[in-house]
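# Tertiary structure, described
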Amino acid sequence: MEFKAWFQCINPECDNRYELTDIVYRCRDCNELLEVQHDMDELKKRSAIEWKELFESRYRKNKWPYGSSVWGKKELVCPMVDNENIVSTYEGGTNLFWADRLGDQLGLDDLWVKQCGMAHSGSFKDLGMTILVSMVKQMMSQGKNIKAVACASTGDTSASLAAYCAVAGIPAIVFLPKDKVSLTQLIQPITHGVLTLSLDTDFDGCMKLVREVCQNDDIYLANSMNSLRIEGQKTISFELVQQFNWEVPDFVIVPGGNLGNVSAIGKGFQMFYDLGLIDKLPRLVCAQAERANPLYRSFKQDFKTFEPVQAQQTLASAIQIGDPVSIKKAIRALQAFDGIVEEATEGELANAASKANRTGLLCCPHTGVALAVLEKLVGRGVIKKKDKVVVISTANGLKFTDFLFKCHTDTIPGIESEYAFEAVEVPAKYEAVRDAIQEKLGA
Ligand SMILES: *Cc1c(COP(=O)(O)O)cnc(C)c1O
Ligand SMILES: [Zn+2]
């Protein structure tokens, strides 16, 4: 079987198509975003049961490249790249954590946290980056003149791009907003020897600059405006369904900034639905930081209008974005999935992360945003006790130790930490240690 995919303009009145090996990010006629479309008729020639068996036979096995949970779905994601050009770090297959104790506290029977941050570069961005960098390698092997790959980032896309380009030996350039990413995120591209530009602007400012730099075709744009990345990110939904033994959760909650991921998650479920692998769709929830909430504002007006905002500084730095690139795709997905957008304040996100950490998780601030939104929706009765709920944890808490430290030492200005807890300094003497233990255990 020969599976095909192409870029297609999302404007229904246009429908222009381009090859996946074309260097094109927006429609050349109407300037709309593009999305990858697949030859669904060809894919439907295999039955749902055959697809499930194929995916199960590959999942977390060792046959290159199919053990990666992204490439294990290659036919549905990026069929035409040659396996020898695939740049993979064995993506996906991340734990679906049963948040039993946290669920109990919130009054939920069936709460799960998808640990997407347990990834090569510590965030879920690896899922899309493996597709993009593999396609770059494919294009280079076909003689396309690409000198480097570039992205603007709030810290995770840059870390992922840098790692994958270093794996492949392809030069990369990352554009970061100065002092707005964590120390770990700043260090990641530097360790890989990638040109790291620290710019005195915010993410939206970096995005404008990188788009200018990528006007010339020899520097390839790796931002999620490039819809190759969405194809990889949509495997989050594939994987969730597979991990639940082909059952669909009732709610999926994901923090949103540039809004590529909420679109991607919708796209994944829709594709499984269209191929008959599932027979219902979940409700999608996009969680935004109150300080960078343009989608939330639009949702409040039934998506009738959309205005970009000037994003304010937020602890959830990876979603500090005021002018999201994938806005139209996100609205389309939310409308198709009976979607909800909710926001979280700085205090709410910090305390939601800290509360979850008490039950054994180690949450990044963005996961905190999603958890805070979960709590609000439970409080309002939108999410009910018996619902199967998945919170997408987007990055590893270890990338945000500064945030965790401040939360638990109650040193975030303007926020009262409900879970302050510090190391106890005691002299290295038995009596002092015993007293400290007695105080903690209340003996
Ligand atoms: C990129 C990112 C998000 C948001 O994804 P978008 O597609 O930009 O909406 C959320 N959390 C983390 C940790 C991220 O890196
Ligand atoms: Zn068009």
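Here's what I pulled together on the structure shown here. The structure presented is a predicted model; accordingly, all values stated were derived computationally and were not measured.

## A word on the packing of helix α6 (residues 156-168) against helix α7 (residues 183-191)
Running from N to C, α6 and α7 point in directions that differ by 20°, and their axes come no closer than 8 Å. Judged by the inter-axis angle, α6 sits roughly parallel to α7. Between α6 and α7 the crossing geometry is left-handed. Contacts between α6 and α7 involve D156, S158, A159 and A162 from the first element and Q185, Q188 and P189 from the second. Broken down by class, the residue content of the contact of α6 with α7 amounts to 3 nonpolar, 3 polar and 1 charged.

## Notes on unusual backbone geometry
The amide bond that connects W64 to the next residue, P65, takes the cis arrangement and shows omega of -10°. Relative to the elements of secondary structure, P65 occurs in the loop between α2 (48-58) and α3 (74-77). Residues other than glycine seldom take positive phi values, yet N31 does so here, at roughly 65°. Looking at the secondary structure, you find N31 in the loop between β2 (17-18) and β3 (34-38). When its relative accessible area of 49% is taken as the criterion, N31 is described as partly exposed. Phi is positive for L259, which is not a glycine, with a value near 75°. Here L259 shows up in the loop between β10 (251-255) and α11 (260-274).

## Focus on the environment of I86
On the secondary structure map, I86 appears in the loop between α3 and β4 (96-98). You can call I86 buried: its relative accessible area is 4%. Sequence-distant contacts of I86, that is, excluding residues within four places in its chain, are made with W64, P65, W71, K74, V81 and S134.

## With respect to the sheet that holds strand β8 (residues 195-199)
One open sheet accounts for 4 strands, arranged β8-β7-β6-β9; its pairing is parallel. Edge positions in the open sheet fall to β8 and β9 (219-221), since each of these has one partner strand only. Strand after strand, the sheet turns through a mean of 25° between neighbouring axes, direction not considered. Direction of pairing for strand β6 (residues 148-152) relative to β9: parallel, over a ladder of 3 bridges. Bridge assignment links A148 to a residue of β9, and that residue is I219. Together, β6 and β7 (172-177) form the strand contacts of α6, whose direction differs from that of β6 by roughly 165°.

## Some words on the coordination of the zinc ion (ligand 2)
Those protein atoms acting as donors to the zinc ion (ligand 2) are C9 (SG), C14 (SG), C27 (SG) and C30 (SG), and they sit at 2.3 to 2.4 Å. Sequence positions of the residues that donate to the zinc ion (ligand 2) give the spacing C-x4-C-x12-C-x2-C. Residue C14 is located in the loop between β1 (5-9) and β2, and its partner C27 is located in the loop between β2 and β3; the two are separated by 13 residues in the primary sequence. According to the relative accessible area criterion, C27 is buried, its value standing at 3%.

## Some words on helix α14 (residues 346-357)
When the terminal C-alpha atoms of α14 are compared, their 17 Å separation across 12 residues agrees well with the 16 Å that a helix rising 1.5 Å per residue should span. With 11 of 12 residues buried, α14 is to be regarded as a mostly interior element. Buried residues of α14: E346, G347, L349, A350, N351, A352, A353, S354, K355, A356 and N357, and no others. Looking at the buried positions of α14, the neighbouring elements they touch are α4 (100-106), β12 (340-344), α15 (365-379) and α16 (401-408).

## Some details on empty space enclosed by the protein
Inspection of every chain in the model, using the stated rule, returns 2 cavities of 30 Å³ or more. Computed from the structure, the largest cavity encloses a volume of approximately 300 Å³. The wall of the largest cavity is formed by 28 residues, among which F124, K125, N258, N261 and A318 lie closest to the centre. The set of elements that each furnish at least two residues to the lining of the largest cavity consists of α6, α9 (228-233) and α11. Here the residues of the lining of the largest cavity are counted per class, giving 11 nonpolar, 14 polar and 3 charged. What lines the second largest cavity is simply T154, P177, K180, F203, S317 and Q320.

Reading the values: the criteria
- Residues numbered from 1 in each chain as written.
- Chains lettered and ligands numbered in written order.
- Predicted model: local features only at pLDDT ≥ 70, side-chain atom pairs only at ≥ 80, totals over all residues.
- Heavy atoms only, no water.
- Axes fitted to C-alpha atoms, helices over the stretch in contact; angles between N-to-C directions.
- Helix = DSSP H or I, 4+ residues; strand = E, 2+ residues; numbered from the N terminus.
- Parallel < 35°, antiparallel > 145°, perpendicular 65-115°, else oblique.
- Left-handed = near helix turned anticlockwise from the far one by under 90°.
- Contact = heavy atoms within 4.5 Å.
- Nonpolar A, V, L, I, M, F, W, Y, C, P; charged D, E, K, R; others polar.
- Buried < 20%, exposed > 50% of the residue type's maximum accessible area, 1.4 Å probe, protein only.
- Pairing = 2+ DSSP bridges.
- Donors = N, O, S within 2.8 Å, 3.2 Å for Na, K, Ca; no water.
- Expected span 1.5 Å × (residues − 1).
- 1 Å grid on protein atoms, 1.4 Å probe; cavity = no way out; pocket = protein on both sides within 12 Å on 5 of 7 lines; lining within 4 Å.
- Points joined across faces, edges and corners; volume = space filled by probe spheres on them.

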